[in-house]
Amino acid sequence: MSWERGGERTTKKGREEQASACCAHASASERRGAGKKEGVVMRKRVMVVIDRTARAKHAMVWALTHVANKGDVMTLLHVLPPHCSTSAHREEETCHLLNSLGSMCKAMRPQVRVEALVIQGPKLATVLGQVKKLDASVLVLKQSKPSSLCCLFQSSHDDFVEQCISRAECLTMAVRKQSSGVGGYLVSTRWQKNFWLLA
């Protein structure tokens, strides 16, 4: 598993071995070639910002089933706060999260390559920087359920989503799964808010 702190990347061999069963890392050539023409096949990189919430998992599943195609690379990006302690317990929790989500991706769409990236830093700057660095074609984010006070107050997550949608150098979509009684997903982009998809 790759960890990046303060602009420097170090490899934790033990964690890499633990996560390798479910998170297949794209090779350097695959990363350079993501979204570029290889013969007659076009591949893209789909980046999903993940955390421990159910809404993040729903966004990942939606990206896996509605955006990623055979041969594409899906990057699961987990951003740690810049000043959080990186204790052994926290790192174990993070590895468990990535193992769980990676296994789910592999079971659902084995033809999609999955890689996991954990970076510590400011969330917005980190996500925008990785979109540019990895030349992502699509960025998928979780979308919070609007509150009754949404007209008066905007949560920090809502602001983060809006900033990503307006500033990311790729197609960016915020996704929220509807309640079981309604079904489908609400998808927001730069051009459309809460577009309802039944599928």
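The notes below deal with the structure included here. (Residues numbered from 1 in each chain as written. Predicted model: local features only at pLDDT ≥ 70, side-chain atom pairs only at ≥ 80, totals over all residues. Heavy atoms only, no water.)

## Notes on unusual backbone geometry
Okay, step 1: One non-glycine residue with positive phi stands out, namely D135, at about 55°.
Okay, step 2: Within the secondary structure, D135 is located in the loop between α5 (123–133) and β8 (138–142). (Helix = DSSP H or I, 4+ residues; strand = E, 2+ residues; numbered from the N terminus.)

## Regarding the packing of α5 against helix α6 (residues 156–167)
Okay, step 1: Closest axis-to-axis distance for the α5/α6 pair is 10 Å, and the angle between their directions is 25°. Comparing the axis directions of α5 and α6 gives the class roughly parallel. In the packing of α5 onto α6, the handedness of the crossing is right-handed. Contacts between α5 and α6 involve K123, L124, V127 and L128 from the first element and H157, F160, Q163, C164 and R167 from the second. (Axes fitted to C-alpha atoms, helices over the stretch in contact; angles between N-to-C directions. Parallel < 35°, antiparallel > 145°, perpendicular 65-115°, else oblique. Left-handed = near helix turned anticlockwise from the far one by under 90°. Contact = heavy atoms within 4.5 Å.)

## As for the nonpolar core
Okay, step 1: Residues V46, V48, M60, W62, M74, L76 and V140 are the most contacted members of the largest nonpolar core, which totals 29 residues.
Okay, step 2: Going through the elements one at a time, β5 (45–49), α3 (54–66), β6 (73–80), α4 (88–108), β7 (113–120), β8, β9 (171–177) and β10 (185–188) are the ones with two or more residues in this core.
Okay, step 3: Among the elements that line this core, the one with the most residues is α3, at six residues.
Okay, step 4: Sequence-distant contacts of V46, that is, excluding residues within four places in its chain, are made with A63, V67, A68, V73, M74, T75, V138 and V140.
Okay, step 5: M47, L117, V127 and C164 belong to the second-largest nonpolar core, a separate cluster that totals 20 residues. (Core = buried A, V, L, I, M, F, W, Y, C linked by side-chain atoms within 4.5 Å. Buried < 20%, exposed > 50% of the residue type's maximum accessible area, 1.4 Å probe, protein only.)

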